[in-house]
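Read off the chains here:
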Protein chains: 2
Amino acid sequence: MSTVIKSILSEGKEGEKLVIKGWVRTKRGSKNVSFIALNDGSCLGNLQVVAAVEHFSEEDLKDVTTGACIEVSGALAASQGSGQAVELIAEELKVLGKADPDSFPMQPKKHSMEFLREHAHLRFRTNTMAAVFRIRHNLSFAIHKFFNDRGFYNLHTPIITGSDAEGAGEMFRVTTLPADNPPKTEEGAVNYAEDFFGKETNLTVSGQLEAELGALALGKVYTFGPTFRAENSNTTRHLAEFWMIEPEVAFNDLKDNMDLAEDFLKYCVQYCLDNCQEDLEFLDKRFVDLEKQKPANERSEKGLIERLQEIVSNSFERITYTEAINVLQNSKPYKKKKFKYPVEWGTDLQSEHERYLVEKHFGKPVIITDYPASFKAFYMRLNEDGQTVAAMDILFSGIGEIVGGSQREERLDVLEQKMKEFDIPAEEMYWYLDTRRFGTCVHSGFGLGFERLVQFVTGMGNIRDVIPFPRTPKNAEF
Amino acid sequence: MSTVIKSILSEGKEGEKLVIKGWVRTKRGSKNVSFIALNDGSCLGNLQVVAAVEHFSEEDLKDVTTGACIEVSGALAASQGSGQAVELIAEELKVLGKADPDSFPMQPKKHSMEFLREHAHLRFRTNTMAAVFRIRHNLSFAIHKFFNDRGFYNLHTPIITGSDAEGAGEMFRVTTLPADNPPKTEEGAVNYAEDFFGKETNLTVSGQLEAELGALALGKVYTFGPTFRAENSNTTRHLAEFWMIEPEVAFNDLKDNMDLAEDFLKYCVQYCLDNCQEDLEFLDKRFVDLEKQKPANERSEKGLIERLQEIVSNSFERITYTEAINVLQNSKPYKKKKFKYPVEWGTDLQSEHERYLVEKHFGKPVIITDYPASFKAFYMRLNEDGQTVAAMDILFSGIGEIVGGSQREERLDVLEQKMKEFDIPAEEMYWYLDTRRFGTCVHSGFGLGFERLVQFVTGMGNIRDVIPFPRTPKNAEF
């Protein structure tokens, strides 16, 4: 196996003989010498390959164009140029795979994000997207490591589900029935009894209810898997297919839940600060450049890395929904009627309110707890006041809600009553209710949309640019 | 937060004051003292709670029944009984959640695997299934750690796919069109242009093709996600929804690929031997007990842990398909006509042949390479002989094929020719072919069915018993 560029750039020694393979980013130079910037995806940095005219004719190098794959043998030398300690003096060079410059779509210039999405099969080869996907990997690993180190068990909850009771969003149907002529019942309805699973099935919107079953036996579990929403939302914040992390812990109350979520988010951010420095510095520059193009009042006052450091060095503000309403009603924008949406107890907070709390009033992440029961899910624990539930949302600057969670309703009678009010058929949910029937206990959990976290850490404006192959309305290419 | 039983059993000190929460496995005792076996899912072992008559009346303990959730305060004492170093002398005891003995389905006795599957929401609370799911977690973490430590990037390939070109198996359709009356084109066909993604979409059968795009930019990638087969297979080896791991590496040839797969499998098995000792010993006993009930000629000669140790301490045998055919044709069962299926060059190996090679002839894992092109996938690299491809299958005793992989066809012209022969529409696969058009290179990868690995490590006979919520024909419960 050949050596990877990441290790050469960090540990390469002058005089060392090497064979390197990678893709050409650029070639420039004079008639005496060519400089080839070579990248193999192991890191952002390129290895400079020096091909002198004594060894290589113009003909030898004619296929060494942007995008081509080459193999170079040579020895490392101290680099004259700035930005790198060593460069490779080429002795032999072989073109493994050409990239015809007339048709290769990725040029050594800035492409629009839209253009790159249309070429999702090649955008991995751009600096920006490769940095994003290396960070995405590091976040994924940090998540597994955080939970494993703390005694959680990873639980694979089902993707195809026969349960549609949670009501978290519109669902995709999964079927093997013929689309043009499905079997019908005597009454003329589609006969799902003949479908693959013998009933109507959908793609999951959340693994939480199943994770609760795991937690009430194994103690601490977490899911990390794809979830789906069939909503026709063409925004920079929505995907039809995205990944979610949902920890669930027996015996944790709302405070334990907040502590866990805060530790978790800080751990993930710190992990990237420690392990993705080069990629973060690159994305930080990109972020600052893009912010400069925005009107002054929409511009982020802080750089990307600065925002990340703020997460790990501040304790999150914790306030109840009722306190949040008070803060908002005493705020300047409220008094000057600058808020578009009403601020009154019993209505949900809008993005403008959340931004005010996080970015203006507290200047750090905020956890809002104890929302009115009326606009939160049926499984959240009813507080003693009979009006609010033990919910918590964590708000980040620039991104809004990044985590939503709650203490779960563990009391069978209260839960059954709630399900009645929410029109959830108890007989279909016998398996969920059984956990309250047999050895129930206090427990809590939360959900984190993985792409939201990747967006926050990478500073990418559009959620489609933090997932390899985005699925959105009218788009399932590749 | 209360202390978890795993840490008490390993580090608990005499005299230590504790609060413990968990579920009652059993209660037994005399009129003077009750012994409660308490489990909190953190490990297989129970904490023995001693409740003496001085502190607790019969009434106090009447709801302490199998499955109930309780909280106990007390102090640790050296245990008189065997099998544990410490026990908890209860001072206070609170029943958090009852489990009515007349209706609680999980009793402190052996239940059949079928019964447990029907109670998948409670089977997490049995020793066997909890051990399986703890090992499943450890395997999952080992996989992420193996690849992360070696510079691989985790890539989330799409679950919903518009591409049906790979032909790895029957697919599930994903749709939001009304089932009973879908929109039609003028020609009377279902009009998928009006479906959510603007075309017909399915659940993925493999992330490999997309992973190749990642590898030809980032160098080393791996997927770990759910995959689907809509096949009507009601066997102990098939699931409609299962998890797959697919590493893909630029510049790796078939030998590198074999080395990677062998290292990978050994690492995962060794990780469990190191980290899951208690659960493995429990499952080893179960395995040996079950083997005893089998007829002598079907019985495994080796214990579960012994089988695992063999994996890590042997190098895998590597032979070509052609050599395998020779071995088989010279074998006793062939000469005595004991094989049911023919053994001749050009036909695929059957399970009986694989078992002979692994269990009888070599007595260790076998990697078979260079199969005839005719029965392998279109993307496998054609060898110089023009007849075989650079494929590899890894066979384990008891389980058969655990890994399938290959060096990929990196030559555009050969690949296009192959796709023509396999009737794969090149225009739909432009994105895959582009990687061969622009900077192509030698690369390889393999696929591992995660549940097969969990089955091998846990010794579970039915694949449905190594996944939390199995999906099979006519079954998508929970």
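Cut-offs applied
- Residues numbered from 1 in each chain as written.
- Chains lettered and ligands numbered in written order.
- Predicted model: local features only at pLDDT ≥ 70, side-chain atom pairs only at ≥ 80, totals over all residues.
- Heavy atoms only, no water.
- Helix = DSSP H or I, 4+ residues; strand = E, 2+ residues; numbered from the N terminus.
- Buried < 20%, exposed > 50% of the residue type's maximum accessible area, 1.4 Å probe, protein only.
- Contact = heavy atoms within 4.5 Å.
- Least-squares fit on C-alpha atoms with pLDDT ≥ 70 in both.
- Phe/Tyr/Trp six-rings, centres within 6.5 Å; stacked < 30°, edge-to-face > 60°.
- Lys NZ or Arg CZ within 6 Å of the ring centre and 35° of its normal.
- Buried area = accessible area lost by both parts, 1.4 Å probe.
- Salt bridge = Lys/Arg side-chain N within 4 Å of Asp/Glu carboxyl O.
- Domains from an automatic or database assignment.
- Polar contact = N/O pair within 3.5 Å; in protein donor to acceptor, adjacent residues only side chain to side chain.
- Nonpolar A, V, L, I, M, F, W, Y, C, P; charged D, E, K, R; others polar.
- Pairing = 2+ DSSP bridges.
- pLDDT = per-residue confidence, 0-100.
- Axes fitted to C-alpha atoms, helices over the stretch in contact; angles between N-to-C directions.

## Describing the overall build of chain A
Part 1: Along the backbone of chain A there are 14 helices and 16 strands.
Part 2: Along the longest, intermediate and shortest principal axes, the C-alpha atoms of chain A span 85 × 65 × 45 Å.
Part 3: For chain A, the residues scored as buried account for 59% of the 478 residues in total.
Part 4: Excluding contacts between residues fewer than 6 apart, the proportion of contacts in chain A whose partners are at least 24 apart in sequence is 67%.

## Things to note about the relation of the copies chain B and chain A
Put simply, the two copies of the chain differ by a rotation about an axis and a shift along that axis.
Part 1: Once chain B has been moved 0.0 Å along the axis and rotated by 180°, it coincides with chain A to within an RMSD of 0.0 Å. As the rotation angle and translation indicate, the two copies are arranged about a two-fold axis. Identified as the residue of chain B closest to the rotation axis by C-alpha distance is B:Val174, at 2.4 Å.
Part 2: Of all interface residues in chain B, 100% are interface residues in chain A too; the two copies therefore contact each other through one and the same surface.

## A word on the packing of aromatic side chains
Part 1: Within this structure, the stated rule accounts for 63 aromatic pairs over all chains.
Part 2: Both rings, one in A:Phe146 and one in A:Phe264, keep their centres 5.3 Å apart while their planes meet at 65°; by these two values the pair is edge-to-face. With A:Phe146 in helix H4 (residues 127–149) and A:Phe264 in helix H6 (residues 254–275), this pair connects stretches of sequence that are 118 residues apart. Accessibility classification places A:Phe146 together with A:Phe264 in one group, the buried group.
Part 3: Positioned over the ring face of B:Tyr371 is B:Lys376, at 4.3 Å from the centre of the ring.

## With respect to the interface of chain B and chain A
Part 1: Taken together, the contact pairs 111 residues of chain B with 112 residues of chain A.
Part 2: Of all residues in chain B, the largest losses of buried area upon contact with chain A belong to B:His156, B:Phe196 and B:Phe438, amounting jointly to 9% of the total for that side.
Part 3: On inspection of chain B and its partner chain A, the count reaches 2 salt bridges.
Part 4: Residue B:Lys199 pairs with A:Glu477 through a salt bridge whose shortest N-O separation is 3.5 Å.

## So, the domain arrangement of chain A
Residues and elements named next belong to chain A.
Part 1: Domain boundaries assigned for chain A yield domain 1 (5–107) and domain 2 (125–170 + 205–465).
Part 2: Inter-centroid distance (C-alpha atoms) of domain 1 to domain 2 is 44 Å.
Part 3: Across the interface of domain 1 and domain 2, roughly 770 Å² is buried in total on both sides, 50% from carbon and sulfur atoms.
Part 4: Run the count over domain 1 and domain 2 and you get 0 salt bridges.
Part 5: Our count for the contact surface shared by domain 1 and domain 2 stands at 6 residue pairs in polar contact (both at pLDDT 80 or more).
Part 6: The residue inventory of the side of domain 1 that touches domain 2, partitioned by class, reads 5 nonpolar, 4 polar and 1 charged.

## A few points about the pairing of strand S5 (residues 86–97) of chain A
Residues and elements named next belong to chain A.
Part 1: Of the pairings in the sheet, the one linking strand S3 (residues 47–52) to S5 comprises 2 bridges and is parallel in character. Each bridged residue has a counterpart across the sheet, and for Val 50 the counterpart in S5 is Ile 89.
Part 2: Here 10 bridges tie strand S4 (residues 69–78) to S5, and the two strands are oriented antiparallel to one another. Looking at S5, one finds that Glu 71 is bridged to Lys 94.

## Re the sheet that holds strand S7 (residues 160–161) of chain B
Part 1: Spatial strand order, S7(A)-S9(A)-S8(A)-S8(B)-S9(B)-S7(B): 6 strands in an open sheet with antiparallel pairing. Two strands lie at the open edges of the sheet, namely strand S7 (160–161) of chain A together with S7 of chain B, each paired on one side alone.

## Some thoughts on the environment of B:Gln309
Part 1: Within the fold, B:Gln309 resides in helix H8 (residues 304–313).
Part 2: The spacing of B:Gln309 and B:Asn252 is 57 residues in sequence and 28 Å in space, taken between C-alpha atoms.

## Some remarks on the confidence of the model for chain A
Part 1: Residues with a pLDDT of 70 or more make up 98% of chain A, whose mean pLDDT is 95.
Part 2: For this predicted complex, the interface confidence comes out at an ipTM of 0.97, alongside a pTM of 0.97.

## Details of the sheet that holds S3(A)
Residues and elements named next belong to chain A.
Part 1: Taking strand neighbours around the barrel as the criterion, the 5 strands line up as S1-S2-S3-S5-S4 in a closed arrangement whose pairing is mixed. On average, adjacent strands in this sheet sit at an angle of 55° to one another, irrespective of strand direction.
Part 2: Pairing of strand S1 (residues 17–29) with strand S2 (residues 33–39), which is carried by 6 bridges, proceeds in the antiparallel orientation. Residue pairing in the sheet places Thr 26 in a bridge with Ala 37 of S2.

## A closer look at the packing of helix H7 (residues 277–292) of chain A against helix H8 (residues 304–313) of chain A
Residue and element names in this part refer to chain A.
Part 1: For the pair H7 and H8, interaxial distance at closest approach is 7 Å and the crossing angle is 115°. Residues Leu 280, Glu 281, Leu 283, Asp 284 and Phe 287 of H7 form the contact with H8, whose own contacting residues are Leu 304, Ile 305, Arg 307 and Leu 308.
Part 2: Grouping the constituent residues of the contact of H7 with H8 by class yields 6 nonpolar, no polar and 3 charged.

## Overview of helix H14 (residues 450–458) of chain A
Residues and elements named next belong to chain A.
Part 1: With 9 of its 9 residues buried, H14 lies for the most part within the structure.
Part 2: Within H14, burial applies to Phe 450, Glu 451, Arg 452, Leu 453, Val 454, Gln 455, Phe 456, Val 457 and Thr 458.
Part 3: With its phi angle positive at about 75°, Gly 459 sits one or two positions after the end of H14.

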